[in-house]
Amino acid sequence: MPFSNSHNLLKMKYSPEEEYPDLKAHNNHMAKVLTLDLYKKLRDKQTPSGFTLDDCIQTGVDNPGNGIAVFPSSHVPCCDLTYQFPDTSIINIKMAQLNNQRLPPDEEYPDLSTHNNHMAKVLTLDLYKKLRDRVTPSGFTLDDVIQTGSLSLSALGSLDGDLKGKYYALRNMTDAEQQQLIDDHFLFDKPVSPLLLASGMARDWPDARGIWHNDNKTFLVWINEEDHLRVISMQKGGNMKEVFTRFCAGLTKIESLFKAKNYEFMWNPHLGYILTCPSNLGTGLRAGVHIKIPHLGKHEKFGEVLKRLRLQKRGTGGVDTAAVGGVFDVSNADRLGFSEVELVQMVVDGVKLLIEMEKRLEKGQSIDDLMPAQK
């Protein structure tokens, strides 16, 4: 996990050449852009909480083959420091002019009228949020995590109507209660991934971590998991319009409640919403559909179809889980370069095509003529 401030001070007694990590066996994006010259330029900078470049890159140093592998956590200056890395290399996509990284007005809802199919089992929209000027989990002290948790509960407690709900603290749950919520896809588990553990994400677990949800369990907020908040709208079936409408209404209310307490979500015009993991930069939005496609899921062209549709798959148990019974969690691969509306529409249109392909394969027919162009 990130070093203590005293350890960082000790490291400064040594030259950059002595402290520069050996990255010869690494193939993540951090290793591709972290030159010795860049390390010399940034290694002595730190945030008000003492977070340094060495803290930001620790995940990449400990995980040589894993994706982006940089966690710009802590305060605003840390994000400024981390994003001095070359944009195209660290994000691994061409930076695009951000169309709309804030919630769309009512008239900009995507076309969801055709998305209501028996093959869609569960629909989910979730969004990470980081509060400006608040340390995030990978840089938390115990006091930080408690204060951020209390602030979040104070805001969420003001929700009313269909969004009115209750908070459930991890520390107060029995093992059985916690596991049931995890199995129902309502709750996060303690980080076990080497990527998250190296970033310090599990520090002081489970203090001030928990889940808030409305009475119908269709609107949920995870508190102090990977970011300060993870806002989720979900329900069984295929009616994405209801999920999206509830999501926008709830998130707008939450944002206004935090603004009333003089807090706002961290955002800038170049990168959109700033979040703990660079892979979520931009909208931070993930639109997922649990869809049963056993034939297509085993087809040799399944991966290529998803790539062309700018979608990704995983098991319904979350990241790094396998599909069971042909049920996949399919979602947008992008967070950056598209608006929330465009991302949801991309998933809606893509899932519609996947269902059409599955029906073809059920009948033993070819799907070659349905292969999409690259989006």
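Everything below is about the structure shown above.
Just so it is clear, the structure is predicted and the values come from calculations on it, not from any experiment. (Residues numbered from 1 in each chain as written. Predicted model: local features only at pLDDT ≥ 70, side-chain atom pairs only at ≥ 80, totals over all residues. Heavy atoms only, no water.)

1. What about the packing of aromatic side chains?
For any pair of aromatic rings, the description consists of the separation of the ring centres together with the inter-plane angle of the planes.
Argument step 1. The full count for this structure, using the stated rule, is four aromatic pairs.
Argument step 2. Note on Tyr-20 and Tyr-39: the rings are 5.7 Å apart at their centroids and 65° apart in plane angle, and the pair reads as edge-to-face. One end of the pair, Tyr-20, is in the loop between helix 2 (16–19) and helix 3 (29–33); the other, Tyr-39, is in helix 4 (residues 36–42), with 19 residues separating them in the sequence.
Argument step 3. Using a relative accessible area of 25% as the deciding quantity, one classes Tyr-20 as partly exposed.
Argument step 4. A relative accessible area of 0% places Tyr-39 in the buried class.
Argument step 5. One cation-aromatic arrangement involves Lys-129 over Tyr-273; the distance from NZ or CZ to the ring centre is 3.1 Å. (Phe/Tyr/Trp six-rings, centres within 6.5 Å; stacked < 30°, edge-to-face > 60°. Helix = DSSP H or I, 4+ residues; strand = E, 2+ residues; numbered from the N terminus. Buried < 20%, exposed > 50% of the residue type's maximum accessible area, 1.4 Å probe, protein only. Lys NZ or Arg CZ within 6 Å of the ring centre and 35° of its normal.)

2. Some details on the nonpolar core
Argument step 1. Of all hydrophobic cores here, the largest spans 52 residues; its most connected members are Leu-125, Ile-254 and Leu-354.
Argument step 2. Tallying contributions element by element places helix 14 (residues 340–362) first for this core, with 11 residues.
Argument step 3. If near-sequence neighbours (up to four positions away) are discounted, Ile-254 is found in contact with Leu-156, Leu-159, Phe-219, Val-221, Leu-229, Val-231 and Phe-265.
Argument step 4. With 14 residues, the next largest nonpolar core counts Leu-170, Leu-181, Ile-182 and Leu-220 among its residues. (Core = buried A, V, L, I, M, F, W, Y, C linked by side-chain atoms within 4.5 Å. Contact = heavy atoms within 4.5 Å.)

3. A few points about the pattern of salt bridges
Argument step 1. For the coordinates displayed, the defined rule picks out 14 salt bridges.
Argument step 2. Glu-264 is the salt-bridge partner of Arg-132, the closest N and O atoms lying 2.9 Å from each other. Placement of the pair is Arg-132 in the loop between strand 1 (120–129) and helix 8 (142–156) and Glu-264 in the loop between helix 11 (240–260) and strand 6 (267–268), with a sequence separation of 132 residues.
Argument step 3. Across the pair Arg-286 and Asp-329 runs a salt bridge, and its minimum N-O distance is 2.7 Å. Of this pair, Arg-286 sits in strand 8 (residues 285–292) while Asp-329 is found in strand 10 (residues 327–332), placing the two residues 43 residues apart along the sequence.
Argument step 4. On the basis of relative accessibility, which here comes to 4%, the residue Asp-329 falls in the buried class.
Argument step 5. What emerges from the salt-bridge pattern is a single network uniting Asp-126, Glu-225, Arg-230, Arg-286, Arg-314 and Asp-329. (Salt bridge = Lys/Arg side-chain N within 4 Å of Asp/Glu carboxyl O.)

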